[in-house]
Every structure is written in structure tokens, then in C-alpha cells.
Amino acid sequence: MLHALQPLSPDPPLSLERHRHKKQLGQHFLHDTTVIDRIILALQPQPEDRLVEIGPGGGALTFPLLRQMGRLQVIEFDRDLIEPLRQRAASIGALEVVHADVLDVDLCALSAGAPLRLVGNLPYNISTPILFHVLDHARCIRDMVFMLQKEVVDRMAAAPGGKDYGRLTVMLQAVADVQPLFVVPPEAFDPPPKVDSAIVRVVPRADLAARIGSDSRFDEVVRHAFAQRRKTLRNALSKLATAAQIEASGIDPSLRAEAVAVERFIDLGNALARDSHA
Ligand code: SAM
């Protein structure tokens, strides 16, 4: 109910007239307050949450979140933004700015035992590596609400049978629930990106992850299956499995990877791990 929303916070982002947006850091800063409010409503932050924002930029999400939470950790790579973020935050709440490449940050070390909640309008140029990085830390993460290119969200949430269904889909859906929330047009950002964006919620599920007997074998199967996605699985997986092993996991070896359900990849990875130990 977009029209019924009340603005949640009076905290505007930094005024960055002299900041040159860095294309190589995917800097498209949100300025649409309705979108900012909808992201925060989707997140439903609670004061006791251990919340981490990836890529605060000018603080469009940061300052309203900090106002609500009282404290917040953020990870920002652009050194020019670190001091302005700290200075503005000082009158609002306790902002801990981690100046780092998020891909180098051990998220489990940040969680200090409490499951993390992640939020971020992610730099699109490295959104897939960030998703794999957070997946590596899924055991420490309660949930995440991210803005990404819509095309990436379509791939994350895809069902088998189409071009969007790929390695990212299978690796994510094997261990997490993926829920696309809403689409955001380019005009919501400064400068506007060339593509539509979308918000997605991802909730890691330990019960799903527990089905995977060997992470490395599962990863290997999925990587090979989608490396040349026009090949049949018999050919794509020829270095890893015989046609009989593929069939024994309930998969027709003459299919392509995009036709195979997530669970069957898990079964095949488990069977290969068992066979290699037999
Ligand atoms: N959250 C702000 C907003 O919504 O307006 C900025 C979002 S902008 C799309 C992405 C942000 O991620 C930028 O502030 C950029 O400097 C930062 N960033 C880019 N690469 C990063 C990295 N490897 N690690 C941490 N932050 C990064």
C-alpha cells in the first residue's frame, strides 16, 4: 500500500555536491524517500537486532536506520565517505564504520555470536561475488534485504526450465529462502543506473543446508553443470560422474542443467561424495 506509507525518518543523506560518484564502486545513491521507507518497512528492524549495512554511500538508508536502532555497523569501501558518515552519524546514534572491501570482511567475526541481519543497496558490479560471500557466512546470518539489479533478483528466484535458472539460483536456493519483494525504477537513484532494480529478501535455512553432505562436491557438480549450459549433463559432468551415477540420482543425463531441480543436484553431489569414500 504505497500511498498509505508515512515517511519513517527525517534523516536525509549526506549532501554530496562535491562527491564525484565512482562508477567503479557502483555508486548509484538512492534519493526516493518512498523506496527508502519501503526497504526499511520490509526489513522491520528491531533495536535488539545486530544489523550491518553493506555500502552505506551517502547514508540514504543508514541515517534512518540509525535513528530507529540507536546503533548500526556499516561496511564502506570508499575512503572519501568514511569521515562524512561518521560526522553526520555522531548526533544520531552509535555508527561503527568498517572501512573495507566487504569481500574481505569476515561477517561471522562481526556477528559476535548473535545472528546478523544484513541490508544494502549493493554495488551492482560485484553483486554476485557479494552474494556468494554472504552465502559462505550463512551460518552467522539471520536474514538479508538487498537491492540488486532486477535481472539478478530474477536469477536468484528462478524456477527450473528457463534462462534465468543457473548456478546462482541453485547455490542460493539450496540453502536459503529467496523472496523478491518489489521493483525499483532507475529514477529512484542519482545517477540513475541503466537497468531496473529490485529488492529481495534472503533467509538462510540451516535445515536446507543440512541436506548437503559435502559442500565442495555440491559446488563442483553445480559449477560443472552450468559451465556450458547448452551441453547435456552427460557431457557437462563427464569429468565427475558416469551417466549411471547421474541416473541413480533421479536425473535424466540427456537433460541440460537448467531443467534439473535444486534437490536433484544435492542428491547427485551427495551420491558422488559417498561413492568417492566407498
Ligand atoms: N546505500 C547507499 C544508497 O542506497 O544510496 C549507496 C548504495 S551504492 C549502490 C553502493 C555502495 O557500496 C557505495 O557507497 C559504494 O562505495 C559501496 N561499495 C562499492 N564496492 C564496495 C565494496 N567492495 N565493499 C564495501 N562497499 C562497497
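For every chain, the first residue of the written sequence is number 1, and numbering continues from 1 onward in sequence order. Residues qualify for local features only when their pLDDT is at least 70, as the model is predicted, and side-chain atom pairs are given and counted only at 80 or more; totals for whole chains, interfaces and linings, by contrast, use all residues. Think of the side-chain values as coming from all heavy atoms in the structure, minus any hydrogens and water.

**Looking at the overall build of the protein chain**
For clarity, the threshold we go by: Where helices and strands are cited, they refer to DSSP runs of H or I of at least four residues and of E of at least two residues respectively, numbered from the N terminus. As a reference, a globule follows 2.2 Å times the number of residues to the power 0.38, and the radius of gyration itself is taken over C-alpha atoms. Burial status follows relative accessibility: with a 1.4 Å probe on protein chains alone, a residue under 20% of its type maximum counts as buried, one over 50% as exposed, and anything between as partly exposed. We call two residues contacting when some pair of their heavy atoms lies within 4.5 Å. In short, Shrake-Rupley with a 1.4 Å probe defines the accessible areas, and a residue's cover is counted only from the protein chains shown. The positive count covers Lys and Arg only, the negative count covers Asp and Glu only, and His and the chain ends enter neither. Taken as the charge location is NZ of Lys, CZ of Arg, CG of Asp or CD of Glu.
Helix and strand counts for the protein chain come out as 12 helices and nine strands. The C-alpha atoms of the protein chain give 21 Å as radius of gyration, which agrees with the globular expectation for 278 residues (19 Å, within 12%). Dimensions along the principal axes, computed over C-alpha positions, put the protein chain at roughly 65 × 40 × 35 Å. Relative to its full complement of 278 residues, the protein chain shows a buried share of 50%. A separation threshold of at least 6 residues defines the contact pool for the protein chain, and within that pool the share at least 24 residues apart is 67%. Approximately 13400 Å² of the protein chain is accessible, and the part contributed by carbon and sulfur atoms is 51%. Each charge sign in the protein chain was given a centre, from 32 positive and 34 negative side chains, and these centres are 4 Å apart.

**Structural notes on the site of the ligand**
The cut-off we apply is this: Note on definitions. A residue lies near a molecule or strand when any single heavy atom of the residue is within 4 Å of it. Polar contact is the term for a pair of N or O atoms within 3.5 Å; when the atoms are in protein, one must be able to donate a hydrogen and the other to accept it, and sequence-neighboring residues count only if both atoms are side-chain atoms. Note on residue categories: nonpolar means Ala, Val, Leu, Ile, Met, Phe, Trp, Tyr, Cys or Pro, charged means Asp, Glu, Lys or Arg, and polar means any other residue, Gly included.
Taken together, 22 residues form the shell around the ligand, and within it Gln27, Leu30, Gly55, Glu76 and Asn121 come nearest. Within the backbone of glycine 57, one N or O atom sits 3.2 Å away from an oxygen atom of the ligand. Here asparagine 121 contributes a side-chain N or O atom positioned 2.8 Å from an oxygen atom of the ligand. Relative to its unbound accessible surface of 590 Å², the ligand loses 98% to contact with the protein. Counting only elements with at least two residues in the shell around the ligand, the list comes to strand S1 (29–30) and strand S3 (71–76). Its residues placed into classes, the shell around the ligand shows 12 nonpolar, six polar and four charged.

**Some details on the domain arrangement of the protein chain**
Which entries qualify depends on this criterion: Domain limits in this description derive from either an automatic procedure or a database domain assignment. In short, buried area is how much 1.4 Å probe accessible area vanishes from two parts on joining, totalled over both. By convention in these notes, a salt bridge is any Lys or Arg side-chain nitrogen within 4 Å of a carboxyl oxygen on Asp or Glu.
For the protein chain, the assigned domains read domain 1 (23–209) and domain 2 (215–277). Relative placement of domain 1 and domain 2: their C-alpha centres are 32 Å apart. Contact with domain 1, which involves 11 residues of that partner, is made by 14 residues of domain 2. Summing both partners gives a buried area of about 1000 Å² for domain 1 against domain 2, and 66% of it is carried by carbon and sulfur. With a closest N to O distance of 3.8 Å, arginine 167 and aspartate 219 form a salt bridge. Between domain 1 and domain 2 we count four residue pairs in polar contact (both at pLDDT 80 or more) in total. Residue composition of the side of domain 1 that touches domain 2, by class: five nonpolar, four polar and two charged.

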